[in-house]
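# Secondary and tertiary structure notes
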Amino acid sequence: MGVTLSIAVFFIIWWAVLFAVLPIGLRTQDEDGDVVPGTPESAPTNPNMLRIFAMNTVVAAVVFACVWTSIEFGYITIDTFNLPDYLRNQ
């Protein structure tokens with residue numbers, strides 16, 4: 001796997017993992033009992049995005065390491081996927 005493809009795969013994994021990591025440790029205004037007028041009760045009180053991005057990067061790096069290892073050692077190949085013949089011959 002080349003450098004460009006590795007960066008692209010990591011970027012996709014990072015965004016996919018973000019949706020799983022985003023709600024971890026989140027407290028809503030309703031849970032804290034301090035709802036600001038004009039906002040929904042489900043709005044976060046203190047999202048702390050730097051912590052979430054750091055945690056997301058670590059989780060995405062672990063997932064990427066598993067994907068990269070699987071590709072490099074041949075556990076995942078083009079034959080793993082059920083592709084039409086015209087896509088296999090490229």
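Procedures and definitions
- Residues numbered from 1 in each chain as written.
- Predicted model: local features only at pLDDT ≥ 70, side-chain atom pairs only at ≥ 80, totals over all residues.
- Heavy atoms only, no water.
- Core = buried A, V, L, I, M, F, W, Y, C linked by side-chain atoms within 4.5 Å.
- Buried < 20%, exposed > 50% of the residue type's maximum accessible area, 1.4 Å probe, protein only.
- Helix = DSSP H or I, 4+ residues; strand = E, 2+ residues; numbered from the N terminus.
- Contact = heavy atoms within 4.5 Å.
- Patch = residues over 30% accessible without salt bridge, like charges linked within 9 Å, V, L, I, M, F, W, Y side chains within 5 Å.
- Areas by Shrake-Rupley, 256 points an atom, 1.4 Å probe, with all protein chains shown as cover.
- Salt bridge = Lys/Arg side-chain N within 4 Å of Asp/Glu carboxyl O.
- Polar contact = N/O pair within 3.5 Å; in protein donor to acceptor, adjacent residues only side chain to side chain.
- Phe/Tyr/Trp six-rings, centres within 6.5 Å; stacked < 30°, edge-to-face > 60°.

The nonpolar side chains of soluble globular proteins are, as a tendency, buried together. In terms of nonpolar packing, the biggest core is built from 8 residues, these being Ile-13, Trp-14, Val-17, Leu-18, Val-21, Ile-52, Ala-60 and Phe-64. Counting residues per element, the ones that place at least two in this core are helix H1 (3–21) and helix H3 (49–72). By residue number, the principal contributor to this core is H1, which donates 5 residues. Here Phe-64 is in contact with Met-1, Ser-6, Val-9, Phe-10 and Ile-13, once residues within four sequence places are set aside.

Another aspect to go through is a nonpolar patch on the surface. Taken together, Ile-71, Phe-73, Tyr-75, Ile-76 and Phe-81 make up a surface patch of nonpolar side chains, about 550 Å² in accessible area. In this structure, Phe-81 sits in the loop between H3 and helix H4 (85–88). Taking relative accessible area as the criterion, Phe-81 reaches 46% and is therefore assigned partly exposed.

With that settled, the discussion passes to the pattern of salt bridges. Counting across every chain of the model gives 2 salt bridges. One salt bridge connects Arg-27 with Glu-31, and the closest N-O pair in it is separated by 4.0 Å. Under the relative-accessibility criterion, Arg-27 is labelled partly exposed at 41%. Ionic pairing is found between Asp-32 and Arg-27, a salt bridge with its closest N-O pair at 2.8 Å. On the basis of relative accessibility, which here comes to 39%, the residue Asp-32 falls in the partly exposed class. Here the residues in one salt-bridge network are Arg-27, Glu-31 and Asp-32, joined through shared partners.

As a further point, take the side chain of Gln-29. Tracing the backbone through its elements, the reader meets Gln-29 in helix H2 (residues 29–32). A polar contact of 3.1 Å, which involves the side chain of Gln-29, links it to the backbone nitrogen of Val-36.

Before going further, it helps to spend a moment on the packing of aromatic side chains. This model, assessed by the stated rule, comprises 4 aromatic pairs. Pairing Phe-11 with Trp-15 gives two aromatic rings, centres 6.2 Å apart and planes at 75°, and the pair type is edge-to-face. Of the two residues, Phe-11 and Trp-15 both sit in helix H1, 4 residues apart, roughly one turn of that helix. Accessibility expressed as a relative area gives 40% for Trp-15, which makes it partly exposed.

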